[in-house]
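This is what each chain is made of:
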Amino acid sequence: MLFPQSNPYRQVVDLSGFWDFRPDPGKVGEHDGWADGVPDSRPLAVPASWNDQYADLRDYLGDGWYQTYFDRPWGWDGKRVVVRFGSVNYLADVWLNGTRIGQHEGGHLPFEFDITGHVQPENNRLVVRVNGELAPDRVPPGAVGRNPKDSFSNLEYPPANFDFFPYCGIHRPVQLYAVPHQAIRDLTVTTDIDGARGHVHISLACPSGDPAVARFTLSGYDTVVEEEVVIQAGMAEVTLTVSDAKRWSPAAPCLYTLVVEQISGGQVIDRYTLPVGIRTVAVDGDQLLLNGEPVYLRGFGRHEDFALTGRGYLPVTIVKDYDLMRWIGANSFRTSHYPYSEQMMALADRLGVLVIDETPAVGLFFHQDGLSRRTAVWHQQIRELIDRDKNHPSVIMWSLANEPHNKRPPALQSFQDAFDLARSLDFTRPVTFVSQAMEEIDPTLEFCDVICLNRYDGWYTEVGQLEAGFSHLADNLDAIYEQYPRPVILCEFGADTIPGMHADPPEMFSEEYQAEMLAGFIRVLDARPYVVGQHVWNMCDFKTGQSVQRVGAMNYKGVFTRDRRPKLAAHRLRDLWRGDK
Ligand code: GCB
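In this text the structure is predicted, and so the values were computed from the model without any measurement.

Comments concerning the sheet that holds strand β22 (residues 293-294)
Here is step 1: Pairing is antiparallel in the open sheet, where 3 strands are placed in the order β20-β21-β22. Each edge of the open sheet is held by one strand with a lone partner, namely β20 (281-284) and β22.
Here is step 2: Where strand β21 (residues 287-290) meets β22, 2 bridges bridge the pair, whose relative direction is antiparallel. When the bridges of β22 are listed, Leu290 appears paired with Glu293.

Quick word on the packing of helix α6 (residues 511-526) against helix α7 (residues 568-577)
Here is step 1: Two elements in contact, α6 and α7, have axes whose closest approach is 8 Å; the angle formed by their N-to-C orientations is 25°. Between α6 and α7, the angle falls in the class roughly parallel. Judged by the sense of rotation from one axis to the other, the crossing of α6 with α7 is right-handed. Seen from α6, the contacting residues are Glu511, Glu512, Gln514, Ala515, Glu516, Leu518, Ala519 and Ile522; seen from α7, they are Leu568, Ala569, Arg572, Leu573, Leu576 and Trp577.
Here is step 2: Tallied by class, residues from the contact of α6 with α7 come to 9 nonpolar, 1 polar and 4 charged.

Comments concerning the domain arrangement of the chain
Here is step 1: One can read the domain layout of the chain as domain 1 (11-132 + 168-179), domain 2 (186-276) and domain 3 (281-578).
Here is step 2: Of note, the centres of domain 2 and domain 3, computed from C-alpha atoms alone, are 33 Å apart.
Here is step 3: At the junction of the two partners, domain 2 supplies 13 residues and domain 3 supplies 15 residues.
Here is step 4: Across the domain 2 to domain 3 interface the summed buried area is about 1,100 Å²; carbon plus sulfur atoms make up 61%.
Here is step 5: Ranking the residues of domain 2 by area buried against domain 3 places Trp248, Pro250 and Leu255 at the top, with a combined share of 46%.
Here is step 6: The shortest N-O distance in the salt bridge between Lys390 and Asp186 comes to 2.6 Å.

Here we look at the sheet that holds strand β14 (residues 197-205)
The strands making up a sheet associate through hydrogen bonds between their backbones, and the pairing can be parallel or antiparallel.
Here is step 1: If you walk across this open sheet you meet the 3 strands as β13-β14-β17, and the pairing is antiparallel. Only two strands of the sheet have a single partner each, and these edge strands are β13 (186-194) and β17 (235-242). If you compare each strand with its neighbour and ignore which way they point, the axes differ by 15° on average.

So, the site of the ligand
Here is step 1: As a structural note, the neighbourhood of the ligand is formed by 13 residues, with Asp163, His337, Glu403, Tyr460 and Lys557 the closest of them.
Here is step 2: One of the side-chain N or O atoms of His337 is found 2.6 Å from an oxygen atom in the ligand.
Here is step 3: Between the ligand and the protein, one listed contact pairs an oxygen atom with a side-chain N or O atom of Tyr460 at 2.4 Å.
Here is step 4: For the ligand, whose free accessible area comes to 320 Å², the fraction covered by protein is 92%.

Structural notes on unusual backbone geometry
Excluding glycine, residues mostly have negative phi values, and the peptide bonds linking residues are mostly trans.
Here is step 1: Cis rather than trans, the peptide bond between Val139 and Pro140 has omega equal to 5°.
Here is step 2: Structurally, Pro140 is set in the loop between β10 (124-131) and β11 (169-170).
Here is step 3: A cis amide bond links Tyr157 to the next residue, Pro158, at an omega of -5°.
Here is step 4: Non-glycine residue Asp40 carries a positive phi angle of around 50°.
Here is step 5: Given a relative accessible area of 67%, Asp40 falls into the exposed group.
Here is step 6: Within the chain, Glu403 stands out as a residue other than glycine whose phi angle is a positive 45°.

Some thoughts on the side chain of Glu156
Here is step 1: Within the secondary structure layout, Glu156 lies in the loop between β10 and β11.
Here is step 2: The side chain of Glu156 is buried and forms no salt bridge, while Arg550, the nearest opposite charge, is found at 7.0 Å.
Here is step 3: In contact with Glu156, other than residues within four places in its own chain, are Asn161, Phe162, Gln546 and Ser547.

Some points on the pairing of strand β9 (residues 111-114)
Here is step 1: Burial along β9 is one-sided: the residues Phe111 and Phe113 are buried and none of Glu112 and Asp114 is.
Here is step 2: With 4 bridges joining them, strand β5 (residues 80-85) and β9 adopt antiparallel strand pairing. Among the inter-strand pairings, Val82 is bridged to a residue of β9, identified as Asp114.

Re the packing of helix α5 (residues 466-483) against α6
Here is step 1: Where α5 meets α6, the closest approach of the two axes is 10 Å, and the angle between their N-to-C directions is 30°. Overall, the two elements α5 and α6 adopt an arrangement that is roughly parallel. When the axes of α5 and α6 are compared, the crossing they make is right-handed. Taking contact as the criterion, the partners of Leu466, Glu467, Phe470, Leu473, Ala474 and Leu477 in α5 are, on α6, Tyr513, Glu516, Met517, Gly520, Phe521, Arg523, Val524 and Leu525.
Here is step 2: Here the residues of the contact of α5 with α6 sort into 10 nonpolar, 1 polar and 3 charged.

Quick notes on the rules
- Residues numbered from 1 in each chain as written.
- Predicted model: local features only at pLDDT ≥ 70, side-chain atom pairs only at ≥ 80, totals over all residues.
- Heavy atoms only, no water.
- Pairing = 2+ DSSP bridges.
- Helix = DSSP H or I, 4+ residues; strand = E, 2+ residues; numbered from the N terminus.
- Axes fitted to C-alpha atoms, helices over the stretch in contact; angles between N-to-C directions.
- Parallel < 35°, antiparallel > 145°, perpendicular 65-115°, else oblique.
- Left-handed = near helix turned anticlockwise from the far one by under 90°.
- Contact = heavy atoms within 4.5 Å.
- Nonpolar A, V, L, I, M, F, W, Y, C, P; charged D, E, K, R; others polar.
- Domains from an automatic or database assignment.
- Buried area = accessible area lost by both parts, 1.4 Å probe.
- Salt bridge = Lys/Arg side-chain N within 4 Å of Asp/Glu carboxyl O.
- Near = heavy atom within 4 Å.
- Polar contact = N/O pair within 3.5 Å; in protein donor to acceptor, adjacent residues only side chain to side chain.
- Areas by Shrake-Rupley, 256 points an atom, 1.4 Å probe, with all protein chains shown as cover.
- Buried < 20%, exposed > 50% of the residue type's maximum accessible area, 1.4 Å probe, protein only.
- Lys, Arg positive; Asp, Glu negative; His and termini not counted.

As structure tokens, then:
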């Protein structure tokens, strides 16, 4: 799926701003005709979660109705007009001028509807009903209850089955765009390297129609490679070869510019421009290779989370977080526990940051209740994620899930199917999921190209005993590696830390305990050649549900506070990760 862009053939309008909003706890809106106008509304900022905008909405997850108006921009007559949502959590129903135009399930991934036949010149009313309820057959599942007992729900409010606040609303920009009817619908770019040469394989999809030609031009670093191909049955494929290719890497995030033009009757009718990084990713034995060389990941799991905006798109935190990653010496992160904004992914390409790209499937469980529905939604999310992010050189791995409760037998087949699906959609990247595998070794690890683990020795186990935690970690990693001799990434390790709390000797929740824990874990990891990455949990403190484990409904495992101030551990990590500073 292509991100909308403006050029002489395509136009985008951003509908961000103050929309009308009304919660609908009784679910009367559809019956009472709110699709034709939402009565008694109040203003709400879009994009942003609704939860922190009004006190009565903080824990409200039910139906919420949004409404805005727009005029069709000048020059859009005769074009294909589309409305596109970057992310709505969780279920969205959309009406335009009273006509229902579609539904989408699942937060964090974009969806769009062709509204060409419904849009009028002026005063179009766009109404969106959003429902963010927690339910066992949604992904991520929530409100799971004590049965099946391998969930830890009921211990927190709202009863999510995951450790972050279940923010809801229109979380990313809503865009209207206009393109020619025959416009390019999709581009898929993969790259490989042979000696000094870089090959860029491109496939184009568009509606089949009048005979047309596609012109592909790749330029950058004093090189221009161009080729024209006839589009047949809405498809065109080409390989462009750069003889002395600049490879994309964190040290040198070289991006070429690919311009794809559709030509019909000698005229250019559409153009799409895409940055392209020439690079390869592979697993060889117990090493992860980028451009054929071993690569080591240092960085974080994070969240899209900030005061007041909740999970809403906030460009300033994206810039700030990338700068903090540079400051601390991180080269990578995981999009825990859901796909991040497309804008964040584009900056990762530009800044040379490596990304483990995760689906929204956190806390999956395999009790029969709701299983087929959960699986179908999960698979849809895998498809949508790969479709959205397949062209980013920064994405070096797909993570299909985080900490599934996969002891029940159906998990094995379900994981086999999910891995088969991901590999059928993209054969160029390793595929994994992140396991909490503690004492027992998880059989579904068998499907992973890279073993990704979360470990909290010295925190949830070996409470208050750092040395005991380090040795448990070391034994456990070695046991897992013995069974699965593949590269291992520790995707989470950390300790809740109240900024300003100090203790000597270190005690849990003090800044010293966090700093010592991270340094001790890193010693264990650095001593193991099969470990190819360390991602600290978490980059920043973040909001979660209320529970006895979470002071002030916050997870304090950030090495930066929620407003991005460093704790002691941030300085310690910087010393460990940036020898050169
Ligand atoms: C985990 C989860 C993460 C939690 C973290 C914690 O294993 O993957 O979502 O926030 O532990 O802090 O407990």
